[in-house]
Amino acid sequence: MVDYLDQIFLDGSDMDDATRLYAAWCWRNPNFGRNGHTRLSRVSRALQGWKELSPTTTRAPMPWIFAALIASQMVPNGDLVGDLALITMFLCYLRPGEAMRLKEADLVRPTRQCSFLAINLHPSSRGESSKLLLIVESLMLDGTDLLNLGTFLDRQRS
């Protein structure tokens, strides 16, 4: 198996392919793997080396239509806050924790200098910081979809 892993590494395959192969092998042969009594230590070392040598890949985001379908299923249940949180997280690329920490005061209304609504993330007054330890981040709701979201958020605030 190590020779095959070496070959697919040199062919440019993603690490996910190798991980799935190893998981399938362990599923088909229960004596191997984490819970089995027989170990494939060379395979484990090969996967660890692959992880160190290959750059990480990112997943494509969920298409908007799927997020909208999920949100539409929340509305009949009366979960408007969850629906709004989901749409806000999707459109603003927020982590769930960031969305759950938002307060009403974090929505900044338009001013003379800026005609768009903004969301104040991680305000220093609450002593919050982001996952990357950033403080006082803000998002301008100035895109086409974001303008509609900003209008809806402002109506919910009132």
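About the criteria used
Residues numbered from 1 in each chain as written. Predicted model: local features only at pLDDT ≥ 70, side-chain atom pairs only at ≥ 80, totals over all residues. Heavy atoms only, no water. pLDDT = per-residue confidence, 0-100. Helix = DSSP H or I, 4+ residues; strand = E, 2+ residues; numbered from the N terminus. Contact = heavy atoms within 4.5 Å. Phe/Tyr/Trp six-rings, centres within 6.5 Å; stacked < 30°, edge-to-face > 60°. Pairing = 2+ DSSP bridges. Axes fitted to C-alpha atoms, helices over the stretch in contact; angles between N-to-C directions. Parallel < 35°, antiparallel > 145°, perpendicular 65-115°, else oblique. Left-handed = near helix turned anticlockwise from the far one by under 90°. Nonpolar A, V, L, I, M, F, W, Y, C, P; charged D, E, K, R; others polar. Buried < 20%, exposed > 50% of the residue type's maximum accessible area, 1.4 Å probe, protein only. Salt bridge = Lys/Arg side-chain N within 4 Å of Asp/Glu carboxyl O. Core = buried A, V, L, I, M, F, W, Y, C linked by side-chain atoms within 4.5 Å.

Q: What is the right way to read the confidence of the model for the protein chain from this model?
A: Any segment with low pLDDT has predicted coordinates that should not be analysed in fine detail. Of the residues in the protein chain, 78% have a pLDDT of 70 or more, and the chain-wide mean is 79. Per-element confidence in the protein chain ranges from a low mean pLDDT of 66 for helix α7 (residues 144–157) to a high of 88 for helix α4 (residues 64–74).

Q: Got a minute to help me understand the side chain of D83 in this structure?
A: The residue D83 is located in helix α5 (residues 80–92) in this model. Setting aside anything within four residues of it in sequence, one finds D83 in contact with A71, S72, M74 and V75.

Q: Explain the packing of aromatic side chains to me, please; I cannot follow it from the model alone.
A: The description of an aromatic ring pair rests on the distance of the ring centres and on the angle between the ring planes. Within this structure, the stated rule accounts for two aromatic pairs. With 5.3 Å between their ring centres and 80 degrees between their planes, F9 and W50 make a pair best called edge-to-face. One end of the pair, F9, is in helix α1 (residues 2–10); the other, W50, is in helix α3 (residues 41–53), with 41 residues separating them in the sequence. Geometrically, the ring pair formed by W64 and F90 is tilted, given 5.4 Å between the ring centres and 45 degrees between the ring planes. With W64 in helix α4 and F90 in helix α5, this pair connects stretches of sequence that are 26 residues apart.

Q: What is the right way to read the sheet that holds strand β2 (residues 118–121) from this model?
A: Backbone-to-backbone hydrogen bonds pair the strands of a sheet. The strands run either parallel or antiparallel. If you walk across this open sheet you meet the three strands as β1-β2-β3, and the pairing is antiparallel. On the outer flanks of this sheet lie β1 (107–108) and β3 (137–140), each paired with one strand and no other. Direction of pairing for β2 relative to β3: antiparallel, over a ladder of four bridges. Counted as the bridge partner of L121 is E137 from β3.

Q: How do you make sense of the packing of helix α2 (residues 15–28) against α3 when you look at a structure like this?
A: Between two packed helices, what matters for the description is the angle formed by their axes and the separation of those axes. As a packed pair, α2 and α3 sit with axes 10 Å apart at the nearest point and diverge in direction by 160 degrees. As the angle between them shows, α2 and α3 are arranged roughly antiparallel. Here α2 runs over α3; the crossing is left-handed. Each of M15, A18, T19 and Y22 in α2 lies in contact with α3, whose residues at this interface are V43, S44, L47, W50 and K51. Residues belonging to the contact of α2 with α3 are distributed by class as follows: six nonpolar, two polar and one charged.

Q: What exactly am I supposed to notice about unusual backbone geometry here?
A: Trans is the prevailing form of peptide bonds, just as negative phi is the prevailing case for residues other than glycine. In this model, Y93 sits at a positive phi of 55 degrees, which is unusual for a non-glycine residue. Structurally, Y93 is set in the loop between α5 and α6 (96–101).

Q: Which parts of the structure should I look at to understand the environment of L141?
A: As for its position among the elements, L141 is in the loop between β3 and α7. Residue class for L141 comes out buried when judged on its relative accessible area of 1%. Distance in space between the C-alpha atoms of L141 and C92 is 8.2 Å, their sequence separation being 49 residues.

Q: Whenever I open this one, the pattern of salt bridges confuses me. Can you help?
A: Side chains that differ in sign of charge can pair as their charged atoms come close. Taken as a whole and judged by the stated rule, the model has one salt bridge. R95 is the partner of E98 in a salt bridge, and the nearest nitrogen-oxygen pair spans 3.9 Å. With relative accessibility at 39%, the residue R95 sits in the partly exposed group.

Q: Honestly, the nonpolar core in this entry has me stumped. Any pointers?
A: In globular proteins that are soluble, nonpolar side chains generally tend to be buried together. With 11 residues, the main nonpolar core is built from L84, M89, C92, L94, A99, L107, L117, I119, L121, L141 and L153. When residues of this core are traced back to their parent elements, those giving at least two are α5 and β2. The leading source of residues in this core is α5, at three residues. The contacts of L153, once residues within four sequence positions are left out, are L84, T88, L107, I119 and L141. The next biggest cluster of nonpolar side chains, apart from the first, holds 10 residues, and it includes V2, L40, V43 and L47.

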